[in-house]
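Residue strings, one per chain:
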Amino acid sequence: MSILSIEIDERLRLLTAVLAISDWTVEEQNQLTHAVHSQAKQVRQFAQSFVDHPAVIGVNEALLNGVELVDLFSAALRCTWPDFSPQEELPHLLKIKNWLQSLADFTAQTAVATEFWPQHTAVWQEAQAALEQIFSAGDLLAALAQLGDVADTAVTLMPNLVFPMLSPVVANSDDALTLLLPPPKAVGESPPWPFDEDPGWVVATVTEQLVPYLLAADLVELNREQQTLAIHLAAAHCLASLLDDFEAQAYLLRAKKERNLSQLPTLFAQLQDEVAAGNGRSLTTILRN
């Protein structure tokens, strides 16, 4: 089985810098007014003179045409660094190869990877170390394997201190997933919290994002409502496995109230019994009964 590695992917980090000077920053604030990490501000200031670069224009055109960020990040993941040469089939997007070439030029012209990031190594290492500490408590993928058939793919978790800042993105290729995780949003317009301020949020969010990919073979057997329940049950299970039962129960109560899923606590008790009995496909067992 694969392990969850925690790394900084330069291809994806480069794209976060492009987003920092694109129209995405305004679009994100329109979704919800929020403060961003200091890295996001500094990257934006460093690269601001390249706002008319083809890489940025390409992102703005893609956003205008309704392209999802997951497709842009997935395209970058399927390329080599730093020349962004495609190594496998790309998402079916207009002008995608030209845009990838512009990313290579953006990398060279801005020198963000050689002049900016090296000056800020400590803040990225701190974020990476915080995530490593959280997931050192247990094996997330092994916990998911107690629930169903986990896809055999390399899984990487990357702290994202730039953009997008409100939501995670799962970049994917033929045999790899990389989850870009922003730090927890603070109350109001305060700067985001460090990852280790809320380990429960981190474990739950990572699980919610990865389950649709890693347990896809099991979820395809369920209807939409059952899939939603499965994702929340998996998150609670991983919280109990990696942290403690208190975190799991607190998560279940929040999800029950916010999502109007009154059956969650009962289903979770059934799930625990299935896991304890060693039934390998616990989620589909309880949700299809």
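Provided above is the structure to which this section pertains.
Values in this document were obtained by computation on a predicted structure and should not be read as measured data.

*Asks:* Could you give an account of the overall build of the chain, naming the residues involved and the relevant values?
*Replies:* Across its full length, the chain holds 15 helices and four strands. In summary, the chain has a C-alpha radius of gyration of 20 Å against a globular reference of 19 Å for 289 residues, a match within 12%. Viewed in the frame of its principal axes, the chain has a C-alpha envelope of about 60 × 40 × 30 Å. Across the 289 residues that make up the chain, the buried fraction comes to 52%. Across the chain, contacts joining residues at least 24 apart in sequence account for 70% of those joining residues at least 6 apart. Accessible surface, the chain as shown: approximately 13,300 Å² in total, 48% of it carbon and sulfur. Positive and negative charge centroids in the chain, built from 15 and 36 side chains respectively, lie 6 Å apart.

*Asks:* How would you explain the sheet that holds strand β3 (residues 169-172) if you had to name every residue and give the values?
*Replies:* The strand order across the open sheet built from four strands is β1-β2-β4-β3, with neighbouring strands paired in mixed fashion. Each edge of the sheet is formed by a strand with only one pairing partner; in this case those strands are β1 (4-6) and β3. The mean inter-strand angle of the sheet, taken between neighbouring strand axes irrespective of direction, is 25°. Summarising the sheet, β3 and strand β4 (residues 176-181) pair through four bridges and their orientation is antiparallel. Looking at the pairing, Asn 172 lines up with Leu 177 of β4. Against the sheet, helix α1 (residues 10-20) contacts β2 (154-159), β3 and β4, and its axis sits at roughly 40° relative to β4. Strands in contact with helix α8 (residues 121-135) are β1, β2 and β4; relative to β2, the strand with the most contacts, it is inclined by about 130°.

*Asks:* Would you mind going over helix α14 (residues 264-276) in detail, with residue names and values included?
*Replies:* Along an α-helix, residues three or four apart share an orientation, since each turn contains 3.6 residues. Helix length check: α14, at 13 residues, gives a terminal C-alpha distance of 18 Å against a target of 18 Å (1.5 Å per residue), a fit within 8%. Among the residues of α14, Leu 264, Leu 267, Phe 268, Leu 271, Glu 274 and Val 275 are the ones counted as buried. The buried residues of α14 occupy one face: seen down the axis, they fall within an arc of 115°. In this structure, α14 carries Asp 273 and Ala 276 as exposed residues pointing more than 90 degrees from its buried face. Along its buried surface, α14 packs onto α12 (224-242), α13 (245-259) and α15 (282-287). The first or second residue beyond α14 is Gly 278, which carries a positive phi of 80°.

Conventions and cut-offs
- Residues numbered from 1 in each chain as written.
- Predicted model: local features only at pLDDT ≥ 70, side-chain atom pairs only at ≥ 80, totals over all residues.
- Heavy atoms only, no water.
- Helix = DSSP H or I, 4+ residues; strand = E, 2+ residues; numbered from the N terminus.
- Rg over C-alpha atoms; globule rule 2.2 N^0.38 Å.
- Buried < 20%, exposed > 50% of the residue type's maximum accessible area, 1.4 Å probe, protein only.
- Contact = heavy atoms within 4.5 Å.
- Areas by Shrake-Rupley, 256 points an atom, 1.4 Å probe, with all protein chains shown as cover.
- Lys, Arg positive; Asp, Glu negative; His and termini not counted.
- Charge placed at Lys NZ, Arg CZ, Asp CG, Glu CD.
- Pairing = 2+ DSSP bridges.
- Axes fitted to C-alpha atoms, helices over the stretch in contact; angles between N-to-C directions.
- Expected span 1.5 Å × (residues − 1).
- Arc of directions from axis to C-beta.

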